[in-house]
Amino acid sequence: MVNKRILKVGLDSAAPFPMHSDYNSGNFEGFEVDLLQAITRHLNLEVQYEVSLWSTILEKLFKGELDLICSAVTVTSSREHILEFSNPYLYFRLCAVVGQQDEYLTVQHFKGKTIGVREATEAEKYVRAKFPANNIVYAVTNKELYRKLQAGKIDLLIDDSPIAGGFLQNNKKLKIGMFLPKTDSSYAIAMKKGDVALKNQFNETLSLLKENGTYQQIYKKWFSEIQF
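Residues numbered from 1 in each chain as written. Predicted model: local features only at pLDDT ≥ 70, side-chain atom pairs only at ≥ 80, totals over all residues. Heavy atoms only, no water.

Engineer: Honestly, the packing of helix 5 (residues 142-150) against helix 6 (residues 161-169) in this entry has me stumped. Any pointers?
Structural biologist: Two quantities define a packed helix pair, namely the angle between the axes and the distance from one axis to the other. One way to put it is that helix 5 packs onto helix 6 with a least axis distance of 12 Å and a crossing angle of 65 degrees. Both helix 5 and helix 6 take part in a crossing whose hand is right-handed. In this structure, helix 5 uses Asn142, Lys143 and Tyr146 to contact helix 6, whose residues at the interface are Ile163, Ala164 and Phe167. (Axes fitted to C-alpha atoms, helices over the stretch in contact; angles between N-to-C directions. Helix = DSSP H or I, 4+ residues; strand = E, 2+ residues; numbered from the N terminus. Left-handed = near helix turned anticlockwise from the far one by under 90°. Contact = heavy atoms within 4.5 Å.)

Right under this line is the structure:
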């Protein structure tokens, strides 16, 4: 009997639901959990998750201490220089989240606003580039970020639209104030630089899952009520 290859997979400890829930919650689930399970089952691979801070898992993957990250990794040109990426499995935009009582936004509304973002994210880069004069408040976790908005410590927050949608499903006091223009992005599975064989296997399997309808079933399960 041949032993299965075990993949060490990094997970963000600040779980970006509905991509995935908290690994240690006793109810580990989400879009990426189901997708990775479908891919690795087809390839006869086992998964061993390692949970840590976002910046830590990125560093570990770069050093080769992890095989991949499947945890809402946005594909960027700078990351493509140091990591391999599978084909994208989800397309989305950045969005601004506000209180339910607030008006819907245009970019002009951002003037003078206190904006919340998670540290070390593409949302942070966007805010720093587009609104350098604004007061920016940082959070380490998604929960902390949304709590700040509810507590009135920030006027709005910027987040990836799928993750914002997941939070808003369980919080009717908040809403998406606008989708930010020219922020079209994608999530993909990040792998060690040079691990082209694994990348090709994952890409072939992703294509197969889309052809046989498995991908669509997983997508519908997690995103049928989320707009992004």
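Engineer: Just checking my understanding: could you explain the pattern of salt bridges for this structure?
Structural biologist: Pairing of side chains with opposite charge becomes possible as their charged atoms draw close. Applying the stated criterion across every chain yields a total of 12 salt bridges. Note that glutamate 59 is salt-bridged to lysine 63, the shortest N-O span being 3.0 Å. One end of the pair is glutamate 59 and the other is lysine 63, both in helix 2 (residues 54-63) and four residues apart, which spans about a single turn. In this structure lysine 63 comes out as exposed when scored by relative accessible area, which is 54%. Measuring nitrogen to oxygen at the nearest pair gives 3.9 Å for the salt bridge that ties glutamate 124 to arginine 128. One end of the pair, glutamate 124, and the other, arginine 128, are both in helix 4 (residues 122-130), four residues apart, so they sit about a helical turn from each other. Judged by relative accessible area, which is 15%, glutamate 124 ranks as buried. Looking at arginine 128, the relative accessible area reads 48%, which means it is partly exposed. By sharing partners, the salt bridges in this structure join Arg5, Asp67, Lys192 and Asp195 into a single network. (Salt bridge = Lys/Arg side-chain N within 4 Å of Asp/Glu carboxyl O. Buried < 20%, exposed > 50% of the residue type's maximum accessible area, 1.4 Å probe, protein only.)

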